Each structure stands twice: as C-alpha cells, then as structure tokens.
Amino acid sequence: MIRSAILAGLFAFATAALAQGTIKIAILGPMAFVQGEHHWNGAEMARDEINKAGGVNVGGRRMQIELIRADTNEIQSVPDATNAVERVITRDKADYLIGGFRSEAVLAMQEVAMDYKKLFLGVGAAHSKLGANVESNYDRYKYWFRVSPTKDVDLARTLFAVMGSIGEQIRRDLKTEQPKVAILAEKAVWTEALVAAAQKTLPAMKMEVVGTWQPSAVATDVTAELSAMERAGAQIVFTMLSGPVGISVGRQMGERNMKAVAWGINVEGQKEEFWQAAAGKAQFVSTLDTYSEVEMTPKTVPFVRAYQARFKKYPTYTAATYDAIMTLKEVIEKAGSTDADKLVPLIEKGEFVGTGATATFDKRHDLVWAVGKTAGIAVQWQDGKKVPFWPPSVKGMQPFKMPKS
Amino acid sequence: MARIVNIAHTAFYMLAAYCFYTLLVKVGLGFLTSALIAVLGTVALSMLCYRLVIEPVREHEAAVLIATIALALIFQELMLLSFGGNYLGIPSTLEGAVRFLGVSIPYQRLLILVVAAAMLALVWFVLHRTRLGLAVRATANDLEVANLMGMNVHRVAMATVALSVALAAVAGVVVAPVFVVDPFMWLAPLVTMLAIVVLGGLGSMKGSLIGALVIGYVEAITVFAVPAGAYLKGAVALAIMVAVLLVRPEGLFGVAFEEER
C-alpha cells in the first residue's frame, strides 16, 4: 500500500517535471493534404534541430520542443478546424499555435485562439482581415502574427512587380505596345481584393485586360474559359488559383498549345507534384513561390537542401512553420519566459532572418513587404523543373521563357 | 432503369480513375490492360456492393439513397487515406491536338467523344436487341409484373447496376487523363449527372443524351456570356433543369412508370 502510494507520487512528480521541461507547439494544418504535410515537415525540422542542440533556453532552464500534430481538415470543413484548435488548447494543453492554410478557416481559428489568449503564428493564410483584426482590436488580437505569406494586398504588389517585368519582355519579344491580359481567378474570399486590384492596376501599367474569368476553385474543366481567352487574344493569363483548378489550367493550356503564358498565384504550381499532376503539360506556367535554391537569406539554400534530403521533395510555403518555431525560440530566449504577453512585444520589435524571408512586422502583425526580403520569389516550370526568375537581383535567378509563337 | 438512386455511381467513376492511375502510372501496365482491369475490377466491386449494401434495403428508396451516400463517402475516405489529398495526373492516351474552325481540340477529347458514342450505341444495343435488355426494360416498366412473369428481378437489377457502373468506370478511365484524380472528383459529376438524368427524363436514353447536350451548352455559354460568373455555370444549368421540371415534371422525355401496386 505504502509502496504503491510512493510509486504513484513518484510518477506524478516525474510527469510534472517532464511537463515543465517541454514547450508544446500545436501544428495546425490539413494533414491529409500537401499544405499540411509541409506544415508538419517544416515543424519537425525545427524541432529536431532545436532539441538536438539542447532545447530552448528559458531563463537558464533548457526546455525541449514537443509538437502536437493537429489535423484541421480545413480544406473540407471550417468547423473541423475550430474543433481542432479547441482540442489542442483544452485537451493537449498546447502553449502556442502555428499553421493554418485556408483563410476562411483561419479567420475562425483565430477567434478560438484569441479567446484563450494563445500566441498564434499564421503560416499559410493571406486574407487581410486577419491582420486588420489586430489593428481594430489590439488587446484581443495581439497574439496573432502572420509569418507567411504576406497579406493578400502585398501578394498583389509582388504580382504586379513581376507582371511589369513579364510585360516588358512581351513588349520586346512580341513587338506589342499593350500586352493583353486575361484575369483568371478562382471564386474565393482571398481573390476578391486581388481581382479588384488587377482590374484597376493593369490598365495603369499599359496592359489591356481582355476579361475576367472566375471558375470554381474545384473546377476540373476550364476548356470554355481558356477557349474564350484564346479568342480574346490574351498573351498573359494572370492566375489567382489555390485549388486543383490550377492543375487543370496548366494542363489544358498545354494541351491546347496556347501561346499565352500563365503568371500569378498557382498554389498547386508551387508543389513538386504539379508537373506530374499536369501530366507534363504545364510548360512555362509560372507562379509566386517562397523556396528555391537561391540566396534569399543565408539560410535558404541550406534549408532547401536539408528539406530535400530528408523529405525527397522541395518545401512549399507552408514549410515556413520552421521559421515560426525559430522565431518563437528566439523571443522566448530573449524574454527568458514562455509568457505570451512578454513575447508579443519582442516579435513586434524584432527582425527575424528566416529561411524564406527576413521578417519584420507592422502594426497589424503582418509582414512588412519588401522585395528581396518578404516579397517571395517567382518561378516558372521549364521542362519539368521549377526555375526561379524573380527578383533578378537575387543570386541564382534564371531567364523567364515564353511559348514559341 | 433499375429504379435504384445510386448516389455512389460517380464514386465508382472515381475508383476506376484511381485504379487506372495505379496500374498505368505506378505499376506501369499499358493503357489497354490498365483500362480493362480498372473497368472490370470496378464492376466486380459494384456487384459486391449491390449484394451486401443495396439489395438488403432495396425495397426502401430512402434507405438505398442513404446507403449509397455512405458507400460513396467510404470510398472517398479510403482514397484519401490511401493516396492522400494529392491531385494526381494521368498521361493522355492520345497526345496532340487538332485545330478545327480556329478552336484547338486535344485528341484525348475526341477520344472521349468517340468512346461516349460507342458506349451509347452499346447500351442501346443491349437494351433493345438482347434478352437482358428486354428484362431490364420490363423490370423498369413494372417490377411486380416482371417478377410475376418469372424474371429474377434481383439478378436483373444487379445486371443493371453492373452495366451502369461499367459505363461510369469507362468514363473514369477515358476522362481521368483530361482532369485530375482526387478523392473528391466524384462530387461535381454527381450533381451534373443527376441534373442531366432528371432534365432528360428518368429512364430515357434519348432524354439523357439531349439533357447532357443542354447542360453542357448552358455551362459553356454561361462562361462565354458572363466570364466573371464562370463559377455559376453549374448553378445556371441546375436552374434550367428546375425550370423545365416546373413545366414538365417527368423531364423532357420522361418515361411514365406504372405506380407500384
């Protein structure tokens, strides 16, 4: 009896000691999908690196990182996503939250996280409202930071910057004054501001908008849309696509031998599996991206190579969970505390050299946009390989190619 | 025609596409062998599902509806578990494209057209020129009389399900190279299929053909007329279906079934 009581006491003490020795980070993502897979991969790399080096130094005490894998299933269900957040906070006792992908779901997940005053580092969702919440009600939403990507409006700034350079190439190569652009944006909340900005900005850039097509994000056939674009004489297809429709566009443009080149956001086009999914037809499709073997920061190339060696694939932008965990480590060590209220001001004031960006945050806790720092890169599929071509100032960039007329 | 509302119909189309993908891309078998195994395997599975899931509840239409929804969701989750949510691509059976009146048409699309026409002809032949077809039509017309005449209505229903799933599986095999293969690929064609069948009229082959053309053209015209509303093409097609049903509840070429006695 006495021996049992002593053993139980020892067990409880050991459990408590172990709990004190770990920092629990919930990685939130659609784990059955590529986005969630890369969320988790990036986080695992950060965890292993930190724990191998002795853990996080919290005021002289070494604490190990413990990851909680939370499948939000957010691509299919927003309620599933909020349930996952609730579960990791209340049952798994997560200290911090990292991840999220679909804006509609992350907006709901943000509410749950803020209810519990949990530091939530977003890696995946672009909608401006997430940051606008911080500005409109700082006390409630100050625990939210967007580590990747930049907000939708800033994504548009990058898109137009790259569009400017592609436009110049078309003017030069095709000897045309006013390149014709077809806007192809899936119907989703994150494209609304981008479509409005494109319709306003492209004419100011001396480009003619021949039309705006908005298929469903899950459309599998865009033949009618592409046919209409061909008839309108489009030379650039300006894409804003996050769903499988991005694959259909790449493949069907190739099958039709379209002379127009696709540039924009094509989330499926960022994945290594894209070329296979498009059956090798997506030649010259280009997209905004985050990772490639170019020196965006001193950490980019080593990270991309280590990721490739471990997971046998290129990281997508949701692998920036790595940067989010490294940011957390840096501010926890600086604060000597795991208290979220002490970490928030340090993240607000700091500059963090990550693997995909050199991050500083504005008053909305959004990344401060800057070419070569947070604006990301542009890549083009050329003969089965993702070739980086923008910003040209970064070492390792290669030429952008046009389909032969 | 078997008077079974099989919601899992397009899920079999998805399974055939996955099977075709695995055999062709992963195992490395040829197009024809992969297609044949995919279609036969899917048909065999559908017959098993009929015996185990549909037949026991066949008398209750609502139960059949729910059971087939459950089947479809099980197939979807199994594919999600096995292949993940990744979008998979299948190489075209026929490469290249032809330009016709200024429009570029990939050969794969022409193949789909040819296969669809061949399948239509085959179904017409089976229904109108074979004893099985006669039994299927008799059962569709009046289940109880067919039963009283000595037909094994369960076997006929199973043959009808197998025939219809074979068509779905062939569609999965020839259409998959044009689209992407993913666990949710069965949802969009399900709505379109139901719209076509209801618009054309239940039990009418001619109705289904004309219904498909109407829905297809309406979708294409929507994209050309309202580019920014391209995502509405499905909704517009469904609205037309509802409008037709308000005027003709049995659909354009509906077959009036005998009331159950």
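Residues numbered from 1 in each chain as written. Chains lettered and ligands numbered in written order. Predicted model: local features only at pLDDT ≥ 70, side-chain atom pairs only at ≥ 80, totals over all residues.

## Regarding the overall build of chain A
Along its length, chain A carries 14 helices and 15 strands. The C-alpha radius of gyration of chain A comes to 22 Å, within 12% of the 22 Å expected for a compact globule of 405 residues. Considered along the principal axes of its C-alpha atoms, chain A spans approximately 90 × 40 × 40 Å. Taking all 405 residues of chain A together, 53% fall into the buried category. Long-range pairs, those at least 24 residues apart, make up 69% of the contacts in chain A with a sequence separation of at least 6. (Helix = DSSP H or I, 4+ residues; strand = E, 2+ residues; numbered from the N terminus. Rg over C-alpha atoms; globule rule 2.2 N^0.38 Å. Buried ≥ 20, exposed ≤ 12 C-beta atoms within 10 Å, placed from the backbone. Contact = placed C-beta atoms within 7 Å.)

## Things to note about helix H1 (residues 9-27) of chain B
Residues and elements named next belong to chain B. For H1, spanning 19 residues, the distance from its first C-alpha to its last is 26 Å, which sits close to the expected 27 Å at 1.5 Å a residue. Counting buried positions over the 19 residues of H1 gives 15, a clear majority of the element. Note on H1: the residue one or two positions beyond its end, Gly28, has a positive phi of about 90°. (Expected span 1.5 Å × (residues − 1).)

## Examining the pairing of strand S4 (residues 96-99) of chain A
Residues and elements named next belong to chain A. In this structure, strand S1 (residues 22-29) lies alongside S4, joined through four bridges in parallel fashion. Of the residues in S4, the one forming a bridge with Leu28 is Gly99. As judged from the four bridges shared by S4 and strand S5 (residues 119-123), these two strands associate in the parallel manner. Bridge pairing in S5 places Gly99 opposite Gly122. With helix H4 (residues 103-115) bridging S4 and the parallel S5, this β-α-β connection has right-handed handedness. (Pairing = 2+ DSSP bridges. Right-handed = clockwise from strand over helix to strand, strands pointing away.)

## Things to note about the domain arrangement of chain A
All names here are of chain A. Along its sequence, chain A is carved into domain 1 (2-149 + 296-359) and domain 2 (153-289 + 376-390). Distance between the C-alpha centres of domain 1 and domain 2: 32 Å. Residues that form the side of domain 1 that touches domain 2 fall into these classes: six nonpolar, four polar and two charged. (Domains from an automatic or database assignment. Nonpolar A, V, L, I, M, F, W, Y, C, P; charged D, E, K, R; others polar.)

## Comments concerning the packing of helix H7 (residues 152-174) of chain A against helix H8 (residues 192-204) of chain A
All names here are of chain A. The contact between H7 and H8 brings their axes to 9 Å, and the two run at 35°. The handedness of the crossing between H7 and H8 is right-handed. Contacts from Asp152, Val153, Leu155, Ala156 and Phe160 of H7 reach H8 at Ala193, Leu194, Ala197 and Thr201. A per-class count over the contact of H7 with H8 returns seven nonpolar, one polar and one charged. (Axes fitted to C-alpha atoms, helices over the stretch in contact; angles between N-to-C directions. Left-handed = near helix turned anticlockwise from the far one by under 90°.)

## Focus: the pairing of strand S8 (residues 208-213) of chain A
Residues and elements named next belong to chain A. Direction of pairing for strand S7 (residues 180-185) relative to S8: parallel, over a ladder of five bridges. When the bridges of S8 are listed, Lys180 appears paired with Glu208. Chirality of the crossover, the property in question, places the unit of S7, H8 and S8 among those that are right-handed.

## Details of the interface of chain B and chain A
Chain B puts 29 residues into the contact, and the matching count from chain A is 32 residues. Listed by contribution, the elements that provide at least two residues to the side of chain B that touches chain A are strand S2 (103-106) and helix H9 (205-225) of chain B. In terms of residue class, the side of chain B that touches chain A is built from 20 nonpolar, seven polar and two charged.

## Considering the sheet that holds S7(A)
Residues and elements named next belong to chain A. Read from one edge to the other, the open sheet built from four strands follows the order S8-S7-S9-S10, with strand pairing classed as parallel. Looking at which strands have only one partner, the edges of the open sheet turn out to be S8 and strand S10 (261-266). This sheet shows a mean twist of 20° between the axes of neighbouring strands, independent of strand direction. In the packing of H8 onto the sheet, contacts are made with S7, S8 and strand S9 (236-241), and the angle to S7 comes to roughly 175°. Helix-sheet contacts for helix H9 (residues 223-231) involve S7, S8 and S9, and the interaxial angle to S8 is about 165°.

## So, the nonpolar core
Counting residues in hydrophobic clusters, the biggest one holds 184 residues, and the most contacted among them are Ile25(A), Ile98(A), Ala16(B), Phe20(B) and Ala169(B). If you tally residues by element for this core, the top one is helix H7 (residues 153-175) of chain B, at 15 residues. Here Ile25(A) is in contact with Ile65(A), Leu67(A), Ile68(A), Ala94(A), Asp95(A), Tyr96(A), Ile98(A) and Ile325(A), once residues within four sequence places are set aside. Within the second largest apolar cluster, 10 residues are counted, among which are Met193(B), Ala195(B), Ile196(B) and Leu199(B). (Core = buried A, V, L, I, M, F, W, Y, C linked by C-beta atoms within 7 Å.)

## Remarks on unusual backbone geometry
Residue and element names in this part refer to chain A. The linkage connecting Ser148 with the following residue, Pro149, adopts the cis geometry, with an omega of -5°. Here Pro149 shows up in the loop between strand S6 (144-148) and H7. Going from Trp390 to Pro391, the amide bond is cis rather than trans, its omega being 0°. Checked against the element boundaries, Pro391 lands in the segment after strand S15 (385-390). Unusually for a residue other than glycine, Lys93 sits at a positive phi of about 55°. Turning to its location among the elements, Lys93 is positioned in the loop between helix H3 (78-90) and S4. Exposure remark for Lys93: the 11 C-beta atoms within 10 Å place this residue in the exposed category. Its identity is not glycine, yet Asp383 carries a phi of approximately 50°, on the positive side. For Asp383, the location among the structural elements is in the loop between strand S14 (377-382) and S15.

## Focus on the domain arrangement of chain B
Residue and element names in this part refer to chain B. Domain annotation of chain B identifies domain 1 (9-183) and domain 2 (186-254). Placing the centre of domain 1 and that of domain 2 at their C-alpha centroids yields a distance of 20 Å. Every contact between the two is made by 11 residues of domain 1 and, on the other side, seven residues of domain 2. Of all elements in the fold, only H1, helix H3 (61-83) and helix H4 (107-129) reach the threshold of two or more residues within the side of domain 1 that touches domain 2. Here the element with the most residues in the side of domain 1 that touches domain 2 is H1; it accounts for five residues. Of the residues that constitute the side of domain 1 that touches domain 2, the class distribution is eight nonpolar, three polar and no charged.

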